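# Close look at the chain arrangement
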Amino acid sequence: MSTIFALSSGTLPSAIAVFRVSGPQSLPILRQLSRRKVWTPKMMEFTKLYDSQRRIIDESMAVYFPGPKTFTGEDTAEFFLHGSQAVAQKFATCLSEIENVREAKRGEFTRRAFHNGKMSISEVRGLDRLIRSRTEKERRAAFGQMRGGTRAVELRKKLVEILSKLFVIIDFGEHVALELSDAQKDVAEILAEINRLILAWEGAERAQRGLEIVLYGRPNSGKSSILNQLAHDDVAIVSEIPGTTRDSLVTTIQINGIRCRLTDTAGIRPHTNDVIEAEGIRRAQRRLESADVICFVVDPESRSDDVANILEDVKKLKNPESKVLIVKNKADLKLPYPEVSSSGIHVVSSHATSSEGCQKLRETLGSLVDQLCPETNFLLDAELLRKCSDELTCSMLCQDAAIMCQHIEKGLEHIAELTQGTVTESVLDGIFSQFCIGK
């Protein structure tokens, strides 16, 4: 097996450039470049590094880790050089000149860790999510996925126990106290747990991509003022003139540790002859289709029929999983609002003249964000869970123990992928292609 290396510390220039080397030649490389034969394992030491012509490359710290107690399970060496592009390039060239040593491919260190039994497939996927995490909630979700393999093992054990019961029913039938309904009850419990895990995965995926929150409503209802208060900045131009916002304006905020793209849209009128305003309305309506949360802003000057028509459009255009929140803005005026049919819809009052006036809105948005991105201790791949769920659902409909076994066994095959039982090379290629070179 070849020995691989990569710059693991990120973009240069920087204070330090860290090179990781993994493979059977790790210690010989360390000896060759430092001109030192003795290296104490796991002890960081100062050394000068030289090229093949015995010219100095840099002064660095270096350490040797013997396998298998390393990240990859192989002998590993790490070099801490000055973070100069020239130094890093020279050092990489010197490593490449050594026989059977090459630069690592994307995710190759982690791939070797996986093949050497140092990581499960859930831990690999979780590590990828962790590297890409940008908020606290994304970080916690990543560690949840890294722990997900243990939950998959538990599910597998439970399904094996159910199969054992079914085999007893098939072999001994009326001579045992077990009944098919007992197995179906056990399957129903596992199915409920799998469906909860699917929802948790979907929430984590939303958190990873960020949520879309759209402010929607008639002109001059205060959408832009709400945007400014939630963003704690004068992002949008605010005026008394209706139709000031002609196009969608987007800013990014964090709510309960989730990145949210907050969009202020053009005011919605029933009819307009202004071509630019009409295009702004069309774009606003298109935003509803991808929104996770729609804040329908109404004010005391809104007419009941206009509000009803706009709300009906919202219900038609939104996706089934999005949340709708009616924001009764300008509450500080203490004027009556038009009647709104808000059955099954969250309603909150606000006034955007001060930060305190939007506090209840912030709290309500926080609650909706938590519903869309629930906290979880374990994450498992939803695609495989859905396949398993489909098989278990089919098994619940069976009145024959043998046919029920067939469906549960197929479900077990999908769980096996989550527990490192069977993972194809094409699946691994797709996973590791997303990693950075030094990981």
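Every chain begins its residue count from 1, and numbering advances along the sequence as written. Where totals are concerned, whole chains, interfaces and linings use all residues; where local detail is concerned, this predicted model gives features only for residues with pLDDT of at least 70, and gives and counts side-chain atom pairs only at 80 or more. Here the side-chain values reflect all heavy atoms present in the structure, with hydrogen atoms and water set aside.

The name an unreviewed UniProt entry assigns to the protein is tRNA modification GTPase GTPBP3, mitochondrial, from the organism Caenorhabditis briggsae.

Let us now look at the sheet that holds strand β2 (residues 14–22). What the six strands build is an open sheet, ordered β3-β4-β5-β2-β1-β6; its pairing is mixed. Edge positions in the open sheet fall to β3 (45–50) and β6 (101–103), since each of these has one partner strand only. Within this sheet the neighbouring strands show an average axis-to-axis angle of 30°, counted without direction. Being paired, for any two strands, means DSSP has found at least two bridges between them. For the purposes of this entry, the term helix denotes a DSSP run of H or I that reaches at least four residues, the term strand denotes a run of E that reaches at least two, and both are numbered from the N terminus. Alignment of strand β4 (residues 56–65) against strand β5 (residues 76–83), held across five bridges, turns out to be antiparallel. Bridging across to β5, Ala62 finds its partner in Phe79. Here, two residues are considered to be in contact whenever any of their heavy atoms come within 4.5 Å of each other. Simply put, an axis is a line fit to the C-alpha atoms, just over the touching stretch for a helix, and the angle between two N-to-C directions goes from 0 to 180 degrees. Contacts from helix α3 (residues 108–115) reach β1 (3–7), β2 and β6, with the element oriented near 135° to β1.

Right, let's talk about a nonpolar patch on the surface for a bit. On the surface, Met44, Phe46 and Met61 cluster together into a nonpolar patch covering about 280 Å² of accessible area. One can find Phe46 in strand β3. The patch calculation keeps residues exceeding 30% relative accessible area without a salt bridge and links them within 9 Å when they carry like charges or within 5 Å when they are nonpolar (Val, Leu, Ile, Met, Phe, Trp, Tyr). In this description, accessible areas are obtained by the Shrake-Rupley approach with a 1.4 Å probe, and a residue is regarded as covered only by the protein chains that are shown. Any carboxyl oxygen of Asp or Glu that lies within 4 Å of a side-chain nitrogen of Lys or Arg is treated as forming a salt bridge with it.

Time to look at the packing of helix α7 (residues 180–209) against helix α13 (residues 401–418). At a minimum axis separation of 11 Å, α7 and α13 run at an interaxial angle of 20°. With respect to α13, the element α7 is oriented roughly parallel. Of the two possible hands of crossing, α7 and α13 adopt the one that is left-handed. On α13, the residues touching Leu180, Ala183, Gln184 and Val187 of α7 are Ala401, Met404 and Ile408. For this scheme, ten residues count as nonpolar: Ala, Val, Leu, Ile, Met, Phe, Trp, Tyr, Cys and Pro. Four count as charged, namely Asp, Glu, Lys and Arg, and the remainder, Gly too, count as polar. The class makeup of the residues in the contact of α7 with α13 is six nonpolar, one polar and no charged. An angle counts as roughly parallel when it lies under 35 degrees, as roughly antiparallel when it exceeds 145, as roughly perpendicular when it falls between 65 and 115, and as oblique in every other case. For a crossing to be left-handed, the near helix must be turned anticlockwise from the far one by less than a right angle; the clockwise case is right-handed.

Here the focus is the UniProt feature "domain: GTP-binding protein TrmE N-terminal" (unreviewed entry) in the protein. Per the UniProt record, "domain: GTP-binding protein TrmE N-terminal" (unreviewed entry) is found at residues 3–118. The distance from the first to the last C-alpha atom of residues 3–118 is 18 Å, and the span holds 25% helix and 35% strand. UniProt positions are given in the numbering used here, feature names are shortened, and annotations may be inferred rather than shown by experiment.

With respect to the helices and strands, Asn329 occurs in the loop between β11 (323–328) and β12 (346–349). Three labels apply to residues, based on accessible area from a 1.4 Å probe with only protein chains included: buried if under 20% of the type maximum, exposed if over 50%, partly exposed otherwise in between. By relative accessible area, which is 2% here, Asn329 ends up buried. Apart from residues no more than four positions distant in its own chain, Asn329 is found in contact with Ser221, Gly222, Ile226, Val297, Val298, Asp299, Pro300, Tyr337, Ser350, His351 and Ala352.

It is worth spelling out the nonpolar core at this point. Residues Leu159, Leu166, Leu392 and Ile408 are the most contacted members of the largest nonpolar core, which totals 28 residues. At the level of secondary structure, the elements contributing two or more residues to this core comprise α6 (148–172), α7, α12 (382–396) and α13. Element by element, the count of residues in this core is highest for α7, at eight residues. Once residues lying within four places of it in the same chain are set aside, the contact partners of Leu166 are Leu180, Ala183, Ala401, Met404, Cys405 and Ile408. Counting 27 residues, the second-largest nonpolar core is a separate cluster that includes Leu215, Cys295, Leu361 and Leu368. We define a nonpolar core as any set of buried Ala, Val, Leu, Ile, Met, Phe, Trp, Tyr and Cys residues linked to one another through side-chain atoms lying within 4.5 Å.

Moving on, we get to the packing of aromatic side chains. Centres within 6.5 Å are what make two rings of Phe, Tyr or Trp a pair, Trp counting through its six-membered ring; a difference in plane orientation under 30 degrees is then read as stacked, over 60 as edge-to-face, and the rest as tilted. A full pass over the atoms with the stated rule returns two aromatic pairs. Aromatic side chains Phe19 and Phe91 sit 4.9 Å apart centroid to centroid with 70° between the ring planes, which places their arrangement in the edge-to-face category. Note that Phe19 is positioned in strand β2 and Phe91 in helix α2 (residues 85–96), a separation of 72 residues in sequence. Taking relative accessible area as the criterion, Phe19 reaches 3% and is therefore assigned buried. Given a relative accessible area of 0%, Phe91 falls into the buried group. Ring pairs connect the aromatic residues Phe19, Phe79 and Phe91, which therefore count as one cluster. Distance and angle both matter: a charge sits over a ring if NZ of Lys or CZ of Arg is within 6 Å of the ring centre and within 35 degrees of the ring normal. For Arg20, the ring lying beneath its charged end belongs to Phe109, and the centroid distance is 5.3 Å. Across the ring face of Trp39, the terminal group of Arg36 is positioned such that the distance to the ring centre comes to 4.2 Å.

Further remarks concern helix α1 (residues 26–34). Among the residues of α1, Ser26, Leu27, Ile29, Leu30, Leu33 and Ser34 are the ones counted as buried. In an axial view of α1, the angular spread of the buried residues amounts to 160°, which keeps them on one side of the axis. One or two residues past the end of α1 sits Arg35, with phi positive at roughly 60°. Relevant arc is that of directions from the helix axis to the C-beta atoms, nothing else.

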